[in-house]
Amino acid sequence: VTSLDVLPKCLIWSTITKENFAKFVTIAIPKKVNQELVNATLQCYRQGLRVDDIVFGKHVYPDDLRNLQSFCKDVRYRIMYELGAVLLRGLDMDSLCGNDRKNIEMLTECSRIS
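A short tour of the structure in this document, coming up. Numbers given for residues are sequential positions, taken from 1 along each chain in its written order. Totals for whole chains, interfaces and linings use every residue, but because this is a predicted model, local features are given only for residues with pLDDT of at least 70 and side-chain atom pairs only at 80 or more, for both listing and counting. To obtain the side-chain values, all non-hydrogen atoms of the structure were included, while hydrogens and water were left out.

1. Looking at the overall build of the protein chain
- Secondary structure elements follow DSSP: runs of H or I no shorter than four residues count as helices, runs of E no shorter than two count as strands, and numbering proceeds from the N terminus. Within the protein chain, the secondary structure is distributed over seven helices and two strands.
- Split into buried and exposed, the 114 residues of the protein chain put 27% on the buried side.
- A separation threshold of at least 6 residues defines the contact pool for the protein chain, and within that pool the share at least 24 residues apart is 68%.
- Of the roughly 8,100 Å² of accessible surface on the protein chain, 54% is carried by carbon and sulfur atoms. The buried label applies to any residue whose accessible area, calculated with a 1.4 Å probe on protein chains only, is under 20% of its type's maximum; exposed applies above 50%, and partly exposed to all values in between. Between two residues, a contact is recorded if the distance between any of their heavy atoms is within 4.5 Å. Accessible surface area values rest on a Shrake-Rupley calculation with a 1.4 Å probe, where residue burial reflects the displayed protein chains alone.

Written as structure tokens, this is what we have:
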């Protein structure tokens, strides 16, 4: 059984939710979560890792992502039991690309990793 198996086949939203969809589904990424994610991403990028090569417990340790774990539980709950969808906002792209947005390769790879 996967997470997809427990999702409803059809999402039913109230009229209020439909009329204010972006307001209901948008979740701001907290600063502490953002910082953990950026730090882990840059650490993996500097090691030359691609997203498919990353192994938790080897390249990134769960203790380094405590706030992210808690945040993900909340996001998962909203997806599974409340709305069926979320829109995450607030990933610090400047920090994610080492404050060099002109470095497209780094920006692209760090976006994939995060």
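2. Remarks on the nonpolar core
- Residues grouped as a nonpolar core are buried Ala, Val, Leu, Ile, Met, Phe, Trp, Tyr and Cys residues, joined through side-chain atoms within 4.5 Å. Among the nonpolar cores identified, the biggest contains 20 residues, and Cys-44, Ile-54, Val-60, Phe-71 and Cys-110 are the most heavily contacted of them.
- Looking at this core, the elements that each hand over two or more residues are helix H4 (31–46), helix H5 (66–82) and helix H7 (104–113).
- Among the elements that make up this core, the one with the highest residue count is H4 (seven residues).
- Not counting residues within four places of it along the chain, the set of residues in contact with Val-60 comprises Ala-40, Cys-44, Ile-54, Val-55 and Leu-65.

3. With respect to the pattern of salt bridges
- Any carboxyl oxygen of Asp or Glu that lies within 4 Å of a side-chain nitrogen of Lys or Arg is treated as forming a salt bridge with it. According to the stated counting rule, one finds four salt bridges in the structure shown.
- Residues Asp-63 and Arg-66 are paired through a salt bridge, measuring 3.0 Å at the closest nitrogen-oxygen approach. An identical accessibility class is assigned to Asp-63 and Arg-66; each is exposed.
- With a shortest N-O distance of 3.3 Å, Glu-109 and Arg-112 are connected by a salt bridge. In this pair, Glu-109 and Arg-112 both sit in helix H7, three residues apart, roughly one turn of the helix.
- Overlapping salt bridges, with partners in common, bring together Arg-50, Glu-109 and Arg-112 in one network.

4. Here's the deal with H5
- For a helix, the expected span equals 1.5 Å multiplied by the number of residues minus one. Given a rise of 1.5 Å per residue, 17 residues ought to cover 24 Å, and the 24 Å separating the end C-alpha atoms of H5 matches this to within 8%.
- Buried residues of H5: Leu-68, Phe-71, Val-75 and Met-80, and no others. Viewed along the axis of H5, the buried residues span an arc of 160°, placing them on a single side of the element. Those residues of H5 that are exposed and aimed more than 90 degrees away from the buried face are Arg-66, Lys-73 and Tyr-81.
- Downstream of H5 by one or two residues, Gly-84 has phi in the positive range, about 85°. The directions from the helix axis to the C-beta atoms form the arc being described.

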